[in-house]
Amino acid sequence: MSEGNTRKIIHVDMDAFYASVEQRDDPSLRGRPVAVGHAAKRGVVASASYEARTFGVRSAMPSSTALRKCPDLVFVPPRFEVYRAVSRQIRAILADYTALIEPLSLDEAYLDVTENLRGIPTASAAAAEIRARIFNETGLTASAGISYNKFLAKLASDHRKPNGQFVVTPAMGAAFVETLPVGKFHGVGPVTADKMKRLGIFTGADLRRQSLEFLQQHFGKSGPWYHAIANGEDNSPVVPNRPRKSSGSETTFTDDLTDPVAIEAGVLAMADEVWAWCEKAQAFGRTVTVKIKYADFRQVTRSRTLPAIITSQESLRKVSIGLVRTVFPPANRIRLLGVTLSSFESVDRSAEEQLGLGLVGP
């Protein structure tokens, strides 16, 4: 890529966002190991402060495991409305620098500052100014990765955490990738990483040595992507206002469910939460998926794609119940249930009359 065509991409990532908000708002929590979540036996850590991370506490870890690792861990119940409000504050700061903002979650986003609104000559200087403003206006720290593509910018943001930034230039790209374990790559999940290791691919250098044909043979449509990132290449643009593709809700129950009536009640509760979001966002889809996780952690899903979008709460409820009934009687006690609506399309509310309520087959 020639210098004149080089993009300037920043990945901004808030440091331990939920936990940092709690420590900011409650001075008694500062300097202490904090987990956002619930200490109940089925609780899960949503965010861990850096003090907690030194004990090995991580997001998505069961609360019981976190407490074993750190007996002095302080659990704080999540306040998502507060986190969303702070996220909007941060988004407003980012918007002062570019209109090309692609949020990934409440606490991270890509920015394309190739032509930034403030005329700052370098992406590194823009990132430093953005991080300073975030701290001054919210009291929270952010880290940033700066590079010529999204893949490398995201990798770079982890390189100086917390409260730092790191630049990967075009001259550094391929060499930077080859030193990292494949499990660190965005888009390579645990299952894929394990498969790569079985094939003798442990680092970016190992991945780079594989031919495109080899990667396509073993990883199908993802092969070209892995071949590109191994060479530090990613041409995907920063896409503002990326349309949401699904809405889902799931819960882990305090006590395992065995009674079909209770299981159906759980599914209905999840379906209602999904529908509340759909109504608010005016986003509707055709594919319903029910997720079931058993007490032995075995997981199954059941999906149905309808010929037209679902535009009523009752329709979503009926399809969801029909799907969960396909596992009755349950093979084991059920610890988690989830419902997701996907395959979103533009909605014509008059179509609701065409759907009726007879959506569940025999």
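Right above here is the structure, for reference.
Below: a short report on this structure. Bear in mind the structure is a predicted one, so any value in this text is a computation, not a measurement.

**Structural notes on the pairing of strand S5 (residues 101–105)**
- Bridge count for S5 against strand S6 (residues 108–112) is four bridges, and the pairing is antiparallel. Of the residues in S6, the one forming a bridge with proline 103 is alanine 109.

**Thoughts on the pairing of strand S7 (residues 142–147)**
- The buried fraction of S7 amounts to six of the six residues, a majority that puts the element mostly inside the structure.
- With burial as the criterion, each face of S7 is covered, one bearing Ala142, Ala144 and Ile146 and the other bearing Ser143, Gly145 and Ser147.
- Sheet topology note: the strand S1 (residues 9–14)/S7 ladder contains six bridges and is antiparallel. By the bridge assignment for S7, isoleucine 9 is matched with serine 147.
- Both S7 and strand S8 (residues 165–168) contribute to a ladder of four bridges, which runs parallel. Among the inter-strand pairings, serine 147 is bridged to a residue of S8, identified as valine 168.
- Between the parallel elements S7 and S8, the chain passes through helix H6 (residues 150–157) in a crossover that is left-handed.

**Points about the pattern of salt bridges**
- Under the definition given, this model contains 19 salt bridges.
- A salt bridge links glutamate 108 to lysine 154, with the shortest nitrogen-to-oxygen separation between them at 2.8 Å. With a gap of 46 residues between them, glutamate 108 in strand S6 and lysine 154 in helix H6 connect regions that are remote in the sequence. The exposure classification of glutamate 108 matches that of lysine 154, with both residues buried.
- Residues joined by salt bridges that share partners form a network here, namely Asp96, Arg118, Glu129, Arg133 and Glu137.

**Description of the sheet that holds S1**
- The five strands are arranged S5-S6-S1-S7-S8 in an open sheet whose pairing can be described as mixed. With one partner strand each, in any of the chains shown, S5 and S8 form the two edges of the open sheet. Looking at each pair of strands side by side, their axes are set apart by 15° on average, direction ignored.
- Across the sheet, helix H5 (residues 123–138) lies against S1, S6, S7 and S8, angled at about 165° from S7, the strand it touches most.

**As for the layout of surface pockets**
- Each pocket or cavity is described by its volume, and for the largest pocket that value is around 1,600 Å³.
- Contributions of two or more residues to the lining of the largest pocket are made by strand S3 (45–48), helix H4 (80–94), strand S9 (246–257), helix H12 (260–281) and strand S12 (334–345).
- Residue classes in the lining of the largest pocket are distributed as 14 nonpolar, eleven polar and eleven charged.
- Considered as a void within the structure, the second largest pocket measures approximately 560 Å³ in volume.

**Remarks on the side chain of threonine 287**
- Its place among the elements puts threonine 287 in strand S10 (residues 284–294).
- Judged by its relative accessible area of 10%, threonine 287 falls in the buried class.
- At 2.8 Å, the side chain of threonine 287 forms a polar contact with the side chain of threonine 305.
- The residues contacting threonine 287, other than those within four sequence positions of it, are Arg304, Thr305, Thr340, Leu341, Ser342 and Ser343.

**Focus: empty space enclosed by the protein**
- According to the stated counting rule, one finds one cavity of 30 Å³ or more in the structure shown.
- In this model, the largest cavity occupies a volume close to 60 Å³.
- Surrounding the largest cavity, Val12, Met14, Ser87, Ile90, Arg91, Leu94, Ser105, Leu106, Asp107, Glu108 and Ala109 form its lining.
- Going through the elements one at a time, S1, H4 and S6 are the ones with two or more residues in the lining of the largest cavity.
- In terms of residue count, H4 provides more of the lining of the largest cavity than any other element does, four residues in total.

Criteria and thresholds
- Residues numbered from 1 in each chain as written.
- Predicted model: local features only at pLDDT ≥ 70, side-chain atom pairs only at ≥ 80, totals over all residues.
- Heavy atoms only, no water.
- Pairing = 2+ DSSP bridges.
- Helix = DSSP H or I, 4+ residues; strand = E, 2+ residues; numbered from the N terminus.
- Buried < 20%, exposed > 50% of the residue type's maximum accessible area, 1.4 Å probe, protein only.
- Right-handed = clockwise from strand over helix to strand, strands pointing away.
- Salt bridge = Lys/Arg side-chain N within 4 Å of Asp/Glu carboxyl O.
- Axes fitted to C-alpha atoms, helices over the stretch in contact; angles between N-to-C directions.
- Contact = heavy atoms within 4.5 Å.
- 1 Å grid on protein atoms, 1.4 Å probe; cavity = no way out; pocket = protein on both sides within 12 Å on 5 of 7 lines; lining within 4 Å.
- Points joined across faces, edges and corners; volume = space filled by probe spheres on them.
- Nonpolar A, V, L, I, M, F, W, Y, C, P; charged D, E, K, R; others polar.
- Polar contact = N/O pair within 3.5 Å; in protein donor to acceptor, adjacent residues only side chain to side chain.

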